[in-house]
Amino acid sequence: MKKSNVVLYIAMSLDGYIARPDGAVDWLDDVEGEGDNGYDEFYSQVGSVIMGRKTYEEVLRLTDEFPYAGKTCYVLSRQTKESSPHVTFTEEELESLVSRLKIESEGYVWLVGGGQLVKQFLEKQLIDEIQLYLIPKLIGEGIPLFPDGTPPADFELTSTGRYGQIASLTYKIKTNGAG
C-alpha cells in the first residue's frame, strides 16, 4: 500500500515570516507572480489538509467560502470548537493522526500551518517535503515559519522554480534511514 507524503506548502517573506504578528497575510496580495503560482496543480494532488486552530481562524477571516471544502480537513486544537461541515477538530496525537492519514489520504497530506505546528511536525519528524514560496518582501516582524526552539533538520533541494518575482524551492527531508 502506497503511503502519502506530508508536504508543507507555504509562502514565506525573505525575513522568514509567514504572517504578520496578528496573523494577517495581506503582504501576499500584491506580489508579482504568474497565474496562481502553481497552486491549482499542487492542490489537485492534495488528499488531506492539516492546520492549527489559529491558521483555521485566519482562513475563515480571509474568505466567505471555506477553500478546502472538498478535502478531508483536520484542525488541531485543544479547545473544543463547534462542529463544522468542512473540518474535524481533533486533539489526536500528531504521530497517530499523520500515520493514519498517510495511509488513508488519496494524495498529499498538506500541512497548511502555522509556525508552531510546523515546529511540532519537525520535532516528531513528520514532514517529508517542504514546498517553499519565497516572497521578495521584508515584513519586519511576524509569525516565523520556524519559531525559536525548532529542532535542527537537514534537507535536500530537489527542485527550483520561478513565478514572476516568487522563487519556489522544494526540499525533501533527509532521513536517518527511518523513511
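Scroll up to find the structure.
Residues take numbers from 1 onward in each chain, read along the sequence in its written order. Only residues with pLDDT of 70 or above have their local features reported here, since the model is predicted, and side-chain atom pairs are shown and tallied only from 80 upward, although totals for entire chains, interfaces and linings are computed over all residues. The basis for every side-chain value is the complete set of non-hydrogen atoms in the structure, without hydrogens or water.

Enquirer: Tell me what's going on with the packing of aromatic side chains, and back it up with residues and numbers.
Expert: Only Phe, Tyr and Trp rings take part, Trp by its six-membered ring, and two of them pair if their centres are within 6.5 Å. Stacked means planes under 30 degrees apart, edge-to-face means over 60, and tilted covers everything else. Here the structure, examined in full by the defined rule, presents 16 aromatic pairs. An angle of 5° between the planes, with centres 3.9 Å apart, marks the rings of Tyr 9 and Phe 42 as stacked. Here the residue Tyr 9 occupies a position in strand E1 (residues 6-13), and Phe 42 occupies one in helix H1 (residues 39-43), the gap between them amounting to 33 residues. Considered together, Tyr 9 and Phe 42 belong to a single accessibility category, that of buried residues. Ring geometry for Phe 42 against Tyr 108: centres 5.6 Å apart, planes inclined by 20°, an arrangement best described as stacked. Separated by 66 residues along the polypeptide, Phe 42 in helix H1 and Tyr 108 in strand E6 (residues 108-113) bring together distant segments of the chain. Of the two residues, Phe 42 and Tyr 108, both sit in the buried class. Segments assigned H or I by DSSP are reported as helices when at least four residues long, segments assigned E as strands when at least two residues long, and all are numbered from the N terminus. Think of it in three bands: residues with accessible area under 20% of the maximum for their type are buried, residues over 50% are exposed, and the middle band is partly exposed, with areas taken using a 1.4 Å probe on protein chains only.

Enquirer: Please give an account of the sheet that holds strand E10 (residues 166-173) that cites residues and values.
Expert: Any two strands are treated as partners once DSSP identifies two or more bridges connecting them. Spatially, the eight strands line up as an open sheet ordered E5-E4-E3-E6-E1-E7-E10-E9, and their pairing is mixed. Every other strand in the sheet has two partners, leaving strand E5 (88-90) and strand E9 (155-163) as the edge strands with one partner each. Here the average twist between neighbouring strands, direction ignored, is 25°. Bridge analysis of E9 against E10 gives eight bridges, and the strand direction is antiparallel. Across the sheet, the residue bridging to Ser 159 is Thr 170, located in E10. Whether two residues are in contact is decided by their heavy atoms: any pair within 4.5 Å suffices. In this description, a line fitted to the C-alpha atoms serves as the axis of each element, helices being fitted only across the stretch in contact, and the angle between N-to-C directions of two axes falls anywhere from 0 to 180 degrees. Contacting strand E3 (46-52), strand E4 (72-76), E5 and E6, helix H2 (residues 53-62) crosses the sheet at an angle of about 105° to E3. Sitting on the sheet, helix H3 (residues 94-104) touches E1, E3, E4, E5 and E6, and the angle it makes with E4 is about 175°.

Enquirer: Give me unusual backbone geometry: which residues, what numbers.
Expert: Gly 114 follows Gly 113 through a cis peptide bond whose omega is 5°. Unlike most non-glycine residues, Asn 37 shows phi in positive territory, near 60°. Inspection of the secondary structure puts Asn 37 in the loop between strand E2 (17-19) and H1. We note that Gln 125 has phi near 55°; this positive angle belongs to a residue other than glycine. Within the element layout of this structure, Gln 125 appears in the loop between helix H4 (115-123) and strand E7 (129-135).

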